[in-house]
Amino acid sequence: MKLSADLQSALDASANAPSDADLARRAVGMLDLTSLNGDDSDRVVQDLCARAVTPVGPVAAVCVWPRFVPTARKALEGTPVKIATVVNFPTGEADAASVAAETRRAIADGADEIDVVLPYKAFIDGARTQPINVVKACREACGDKVLLKVILESGAFPDADLLAWASRDAIAAGADFLKTSTGKTQPAATLPAAAVMLDSIYESGKKVGFKASGGIRDAAEAARYLALADHILGDGWATPQTFRFGASSLLDALLSAAGHGEQDGEREGEREPAPAGGY
């Protein structure tokens, strides 16, 4: 993805971002601990939730399929961890009414945050009204109290200009966050796409956050994303209220970098979303 000179400069500046224990602890609090696999179960979700309060503090949210929101709600009772779920996921092909209904059901079941897939294929093919109507319908269903993250599926966009256009439209339609990817297509999150999306947030002048999701697995890479956000939007901009990582295997890497080693080895919930071709 070809970037403007300014964005390429920001990308270059983030390439050698230092990764230390303080950075790792900061990143843990920005993590949406995620499992979105076809064979997920109540046990998988319970195990995932058991990892959400770590030795260095709680993650920001746990992200699961809508059918597991009640399970997560029960497991996380008494913790500050939010419950996120996905709608119009992963293909982004449902209509606005269906997406709104799915969103309302998830919220009724206890979801605090909704990650909705923009109808990105239609947008790339030239449609504008229908994709944005889906986001607007989801925004209306969320109301003012439920956080709305719009997944652009940035790896599917052929160029930076079109990705910036989608970012601007999603913000105008009411997105609280722009999110890179579903994790079901390749490439997923990339730093060049993040630069475009973060710049769109900066240009909007609105209080919109950013979520990097898909394939981020170590502290060094997390450090590069945070450095990029700091460069474009200012030191200290990235907090759990404005910046998230969508991952699960990243947690152990961050805890290790923070000096806490692995969390009792592999656990059932420690799985990234499946690659393209299936849930």
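Residues numbered from 1 in each chain as written. Predicted model: local features only at pLDDT ≥ 70, side-chain atom pairs only at ≥ 80, totals over all residues. Heavy atoms only, no water.

Visitor: Give me helix H9 (residues 191–204): which residues, what numbers.
Guide: A rise of 1.5 Å per residue sets the reference length of H9, with its 14 residues, at 20 Å; its end C-alpha atoms lie 20 Å apart and thus fit the reference within 8%. For H9, the complete set of buried residues consists of Leu 191, Ala 193, Ala 194, Ala 195, Val 196, Met 197, Leu 198, Ser 200 and Ile 201. For H9, the side-chain oxygen to backbone nitrogen distance between the N-cap and Ala 193 is 3.3 Å, and the N-cap itself is Thr 190. Downstream of H9 by one or two residues, Gly 205 has phi in the positive range, about 70°. (Helix = DSSP H or I, 4+ residues; strand = E, 2+ residues; numbered from the N terminus. Expected span 1.5 Å × (residues − 1). Buried < 20%, exposed > 50% of the residue type's maximum accessible area, 1.4 Å probe, protein only. Polar contact = N/O pair within 3.5 Å; in protein donor to acceptor, adjacent residues only side chain to side chain.)

Visitor: I'd like to hear about the pattern of salt bridges, residue by residue, with values.
Guide: Considering all chains together, one arrives at 15 salt bridges under this definition. The shortest N-O distance in the salt bridge between Lys 149 and Glu 113 comes to 2.7 Å. A residue pair is termed long-range when its members are at least 10 positions apart, and Lys 149 in strand E7 (residues 147–151) and Glu 113 in strand E6 (residues 113–117) qualify at 36 residues. Of the two residues, Lys 149 and Glu 113, neither departs from the other in class, the shared state being buried. (Salt bridge = Lys/Arg side-chain N within 4 Å of Asp/Glu carboxyl O.)

Visitor: If you had to explain unusual backbone geometry to someone new, which residues and values would you point to?
Guide: Pro 90 follows Phe 89 through a cis peptide bond whose omega is 0°. Checked against the element boundaries, Pro 90 lands in the loop between strand E5 (82–87) and helix H5 (96–109). Along the chain, Gln 186 connects to Pro 187 via a cis peptide bond; the corresponding omega equals 0°. With respect to the helices, strands and loops of the structure, Pro 187 is situated in the loop between strand E8 (177–179) and H9. The backbone phi angle of Glu 153 is positive, close to 55°, even though this residue is not glycine. Here Glu 153 is to be found in the loop between E7 and helix H8 (160–172).

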